[in-house]
Amino acid sequence: MFQQDENQVERNKKEKVGLSERFMIAMFSPREYGKLLDLSIGKLISFLVCVFLLVSVIQYAIPISGAIAGMGGLRNIILQKIPDFELKDGQFTYDDRLEIDSEELGAYVLIDTSLESISESDIEAHHDVVQEYLVSKTNMIITNFVGGKEGLRQEYKFSDLGSMHLNNEILAQYTPMFYGMMLVGFVMSYFGVVIRYLASALAYAAFIYFMTKMLPQPEVSFGRIYTVALYAKTIGAVVAAITICVGGEVLVLAGDTFAVFVTMFIMNKVCLRRVMQV
């Protein structure tokens, strides 16, 4: 009975590792991973949910919301930042000529409503992009070059839209819907983070598991190594998310490289040097 009471007290102590302490240990203290590995599966899941949320907020919510807030909100962007436009009676007018040729986005965009209509022959070929959008006064052409050099081309005539009427003022009325779409985008981003995190942790765990097979030490279960990987990825995932938030190809590459090295370093400390109990 006394032994059972001691075991219960020990379990209670282990369960009292708070969320903030779990973050600190996962990111900065490989020697204390034993505390994390002895926690319940529920504690692990609650920790991961917080990690996924933090990463999603940093790399998606902060840059998007910051950009929108910096321009006075979506309504202000539509009414003040976007040049006046109108779609009425099958004709589209836009107060400016817009041309974007971005290899980064893989897209070429041309909006020129001074042209009555537009076709591929009116512009130079842009086969170095994935998609091409051409808009004139009466038609729009979308070309997708993924399918081949000639691309998959679709033409839309504004006259086919009938009596549809759209301008800045009307579009601004749909601001709540756009915010709702952004929320949906955040949820999708969250699940994308979840899938990438779990999959990459699986890859790290598989690599370390095969490494332990070559060492003269007691066999460590794959499940235990995978748990280590889930915790070890924390600091790399957060740093990589920050680099995405800040932006810049070199910085993002540096963040991804750091994430790989720091995760492997922690897992090496915990698994290969027997810091954890087996």
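One can find the structure itself at the top, above this paragraph.
Residues numbered from 1 in each chain as written. Predicted model: local features only at pLDDT ≥ 70, side-chain atom pairs only at ≥ 80, totals over all residues. Heavy atoms only, no water.

Draft legend 1. Up close: helix α2 (residues 19-28). Turning to α2, its buried residues number three or more, namely Arg-22, Phe-23, Ile-25, Ala-26 and Met-27. Contacts from the buried residues of α2 go to α3 (33-37), α4 (41-70), α8 (222-246) and α9 (249-272). (Buried < 20%, exposed > 50% of the residue type's maximum accessible area, 1.4 Å probe, protein only. Helix = DSSP H or I, 4+ residues; strand = E, 2+ residues; numbered from the N terminus. Contact = heavy atoms within 4.5 Å.)

Draft legend 2. Seen up close, the pairing of strand β5 (residues 131-135). One ladder, built from 5 bridges, connects strand β4 (residues 107-111) with β5; its direction is parallel. Counted as the bridge partner of Ile-111 is Val-135 from β5. Across 5 bridges, β5 lies against strand β6 (residues 139-144) in antiparallel orientation. From the neighbouring strand, Tyr-133 faces β6, where its bridge partner is Ile-142. Taking the residues that link successive antiparallel strands as the turn, the β5-β6 hairpin has 3 residues. (Pairing = 2+ DSSP bridges.)

Draft legend 3. Representation of a negative patch on the surface. A surface patch of like charges, here negative, comprises Asp-84, Asp-95, Asp-96 and Glu-169. In this structure, Asp-96 sits in the loop between β2 (91-94) and β3 (98-102). According to the relative accessible area criterion, Asp-96 is partly exposed, its value standing at 44%. (Patch = residues over 30% accessible without salt bridge, like charges linked within 9 Å, V, L, I, M, F, W, Y side chains within 5 Å. Areas by Shrake-Rupley, 256 points an atom, 1.4 Å probe, with all protein chains shown as cover. Salt bridge = Lys/Arg side-chain N within 4 Å of Asp/Glu carboxyl O. Lys, Arg positive; Asp, Glu negative; His and termini not counted. Charge placed at Lys NZ, Arg CZ, Asp CG, Glu CD.)

Draft legend 4. Fine view of the packing of aromatic side chains. Under the definition given, this model contains 13 aromatic pairs. Both rings, one in Phe-52 and one in Tyr-190, keep their centres 6.3 Å apart while their planes meet at 80°; by these two values the pair is edge-to-face. Separated by 138 residues along the polypeptide, Phe-52 in helix α4 and Tyr-190 in helix α7 (residues 175-213) bring together distant segments of the chain. A relative accessible area of 6% places Phe-52 in the buried class. Where Phe-92 meets Phe-158, the ring centres are 5.7 Å apart and the plane angle is 45°; that geometry is what we call tilted. Here Phe-92 is found in strand β2, whereas its partner Phe-158 is found in the loop between β7 (152-157) and β8 (166-167), with 66 residues between them in sequence. Assessed through its relative accessible area of 13%, Phe-92 is described here as buried. The structure contains a cluster of three or more aromatic residues connected by ring pairs, namely Phe-23, Tyr-33, Phe-47 and Tyr-231. For Lys-233, the ring lying beneath its charged end belongs to Tyr-197, and the centroid distance is 4.9 Å. (Phe/Tyr/Trp six-rings, centres within 6.5 Å; stacked < 30°, edge-to-face > 60°. Lys NZ or Arg CZ within 6 Å of the ring centre and 35° of its normal.)

Draft legend 5. Fine view of the side chain of Thr-234. Here Thr-234 shows up in helix α8. Discounting chain neighbours no more than four positions away, the residues touching Thr-234 are Phe-23, Ala-26, Met-27, Phe-47, Val-51 and Tyr-197.

Draft legend 6. Quick peek at a nonpolar patch on the surface. On the surface, a cluster of nonpolar side chains totalling about 280 Å² of accessible area is made up of Ile-41, Ile-45 and Val-49. Examined against the element boundaries, Val-49 turns out to sit in helix α4. The class of Val-49 is partly exposed, set by a relative accessible area of 40%.

Draft legend 7. Representation of helix α5 (residues 74-81) within the structure. Here α5 has its buried residues at Leu-74, Ile-77 and Ile-78. Looking down the long axis of α5, one finds its buried residues gathered within 95° of arc, a one-sided arrangement. Contact partners of the buried residues in α5: α4, α6 (168-172) and α7. (Arc of directions from axis to C-beta.)

Draft legend 8. Structural detail: the environment of Lys-35. Within the secondary structure layout, Lys-35 lies in helix α3. What makes Lys-35 partly exposed here is its relative accessible area of 37%. Distance in space between the C-alpha atoms of Lys-35 and Arg-22 is 8.6 Å, their sequence separation being 13 residues. Not counting residues within four places of it along the chain, the set of residues in contact with Lys-35 comprises Glu-21 and Ile-25. In terms of polar contacts, Lys-35 uses its side chain to reach the side chain of Glu-32, at 2.9 Å. (Polar contact = N/O pair within 3.5 Å; in protein donor to acceptor, adjacent residues only side chain to side chain.)

Draft legend 9. Looking closely at unusual backbone geometry. Phi at Asp-89 takes a positive value of approximately 55°, unusual for a residue other than glycine. Turning to its location among the elements, Asp-89 is positioned in the loop between β1 (85-88) and β2.

Draft legend 10. Geometry of the pattern of salt bridges. A full pass over the atoms with the stated rule returns 5 salt bridges. Between Lys-35 and Glu-32 there is a salt bridge, and its shortest N-O distance comes to 2.9 Å. Its salt-bridge partner being Asp-112, residue Arg-97 comes within 3.3 Å of it at the nearest N-O pair. Residue Arg-97 is found in the loop between β2 and β3, and its partner Asp-112 is found in the loop between β4 and β5; the two are separated by 15 residues along the sequence. Look at Arg-97 and you get partly exposed, because its relative accessible area is 47%. Exposure remark for Asp-112: the relative accessible area of 11% places this residue in the buried category. Each of the salt bridges in this network shares a partner with another, and the network as a whole consists of Glu-21, Glu-32 and Lys-35.

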